[in-house]
Amino acid sequence: FDLKAFYFQQNDFTIEFWFKIERRSERATFLSWMGASGNPDSRRGWYIQTRVEHNHAIGAYIYMGGGWRKVGYDAEGVPDLNTWYHTALVRNENEVALYFNGVKQTTVYNCGTQSAEYSNNNRRIPLTIGAMLKSIGGYPEKYEHYYSGYIDELFIVRGKARYIESTTYTIP
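1. Re the confidence of the model for the protein
Then, number 1: Of all residues in the protein, 77% attain a pLDDT of 70 or more, and the chain-wide mean is 82.
Then, number 2: No element of the protein has a lower mean pLDDT than strand S9 (residues 119-120), at 48, and none a higher one than strand S1 (residues 13-23), at 95.
Then, number 3: Across residues 117-123, confidence stays below pLDDT 50; counting only partners more than four residues off in sequence or on other chains, it has 16 contacts.

This is the structure we're talking about:
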């Protein structure tokens, strides 16, 4: 499949999955699609992770409209260890929202176009599960922010925003 499919630009999208954390870390990345030229400050794309500075709440950062936008990381979005949870990152027109177990968390409005480098020296940027690509172009590739746990029923849909009818939904 074409990895440019994860470069959503202005399209609606839904990224959803179940997860169960076994061990906490400073930053635990569930999914990432990042482009970089070796300098971490030049990275563009998106990622979903928990972060210690947000009390281990789940959230996402997505590079849109010329800057990084934070979605989620709400106090209600702190998962317990060894418990299954459902999350969804959804863009509907000009709004991006993160849902945690069926409840809408912080929403970002007026998003603009997603910006990302989807190739570097004619190489495809991979979708990374369980870590974040730190830099590309070298060998071996460098990764960081590893996730320790399980991910199940991962769906990534470009062109369709799910769960937009309300601020809550019944977990599938």
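2. Description of the nonpolar core
Then, number 1: Formed by 24 residues in total, the largest nonpolar core has its most connected members in Ile15, Phe19, Phe30, Leu31, Ile48, Ile58 and Leu89.
Then, number 2: Broken down by secondary-structure element, the contributors of at least two residues to this core are S1, strand S2 (27-35), strand S3 (44-51), strand S4 (57-64), strand S6 (85-92) and strand S7 (95-100).
Then, number 3: Ranked by residues supplied to this core, first place goes to S1 with five residues.
Then, number 4: For Phe19, the contacting residues outside a window of four places in its chain are Phe30, Ile58, Pro79, Thr83, Trp84, Tyr85, Thr87, Phe100, Tyr147, Tyr150 and Ile151.
Then, number 5: Counting seven residues, the second-largest nonpolar core is a separate cluster that includes Ala88, Val90, Ala97 and Tyr99.

3. What about the side chain of Thr29?
Then, number 1: Considering the arrangement of structural elements, one finds Thr29 in strand S2.
Then, number 2: Classification of Thr29 as buried rests on a relative accessible area of 0%.
Then, number 3: The contact partners of Thr29, leaving out residues within four places of it in the chain, are Tyr47, Ile48, Gln49, Gly130, Ala131, Met132, His145, Tyr146 and Tyr147.

4. Some thoughts on the sheet that holds S7
Then, number 1: Strand order across the open sheet formed by five strands is S8-S7-S6-S1-S14, with antiparallel pairing between neighbours. For this open sheet the edge positions go to strand S8 (103-109) and strand S14 (148-158), each flanked by a neighbour on one side alone. For this sheet, the mean angle separating the axes of adjacent strands, direction not counted, is 15°.
Then, number 2: Sheet topology note: the S1/S6 ladder contains seven bridges and is antiparallel. Note on S6: the bridge partner recorded for Thr14 is Val90.

5. Here's the deal with the pattern of salt bridges
Then, number 1: Taken as a whole and judged by the stated rule, the model has four salt bridges.
Then, number 2: Among the salt bridges present, the one from Arg27 reaches Glu53, with a minimum N-O distance of 3.1 Å. Of this pair, Arg27 sits in strand S2 while Glu53 sits in the loop between S3 and S4, placing them 26 residues apart in sequence.
Then, number 3: The exposure class of Arg27 is partly exposed, given its relative accessible area of 25%.
Then, number 4: Taking relative accessible area as the criterion, Glu53 reaches 42% and is therefore assigned partly exposed.
Then, number 5: The partner of Glu53 in a salt bridge is Arg51, and the shortest N-O contact between them spans 2.8 Å.

6. Points about the environment of Asn11
Then, number 1: Summarising the element assignment, Asn11 is placed in the segment before S1.
Then, number 2: Residue classification places Asn11 among the partly exposed residues on the basis of a relative accessible area of 30%.
Then, number 3: Residues Asn11 and Gly159, 148 residues apart in the sequence, show an inter-C-alpha distance of 5.5 Å.
Then, number 4: What Asn11 contacts, discounting residues up to four positions off in sequence, is Arg91 and Arg158.

7. What to know about the pairing of S7
Then, number 1: Burial analysis of S7 places five of its six residues in the buried class, which makes it a mostly covered element.
Then, number 2: Relative to S7, S6 runs antiparallel, the two sharing six bridges. Looking across to S7, one finds that Arg91 is bridged to Val96.
Then, number 3: The turn linking S6 back onto S7 is made up of two residues, and Glu93 within it adopts a positive phi angle of 55°.
Then, number 4: Relative to S8, S7 runs antiparallel, the two being bridged by five bridges. Among the inter-strand pairings, Ala97 is bridged to a residue of S8, identified as Thr107.
Then, number 5: Hairpin connection, S7 to S8: the antiparallel pair is bridged by two residues, and Asn101 has positive phi, about 50°.

Definitions and cut-offs
- Residues numbered from 1 in each chain as written.
- Predicted model: local features only at pLDDT ≥ 70, side-chain atom pairs only at ≥ 80, totals over all residues.
- Heavy atoms only, no water.
- pLDDT = per-residue confidence, 0-100.
- Helix = DSSP H or I, 4+ residues; strand = E, 2+ residues; numbered from the N terminus.
- Contact = heavy atoms within 4.5 Å.
- Core = buried A, V, L, I, M, F, W, Y, C linked by side-chain atoms within 4.5 Å.
- Buried < 20%, exposed > 50% of the residue type's maximum accessible area, 1.4 Å probe, protein only.
- Pairing = 2+ DSSP bridges.
- Axes fitted to C-alpha atoms, helices over the stretch in contact; angles between N-to-C directions.
- Salt bridge = Lys/Arg side-chain N within 4 Å of Asp/Glu carboxyl O.

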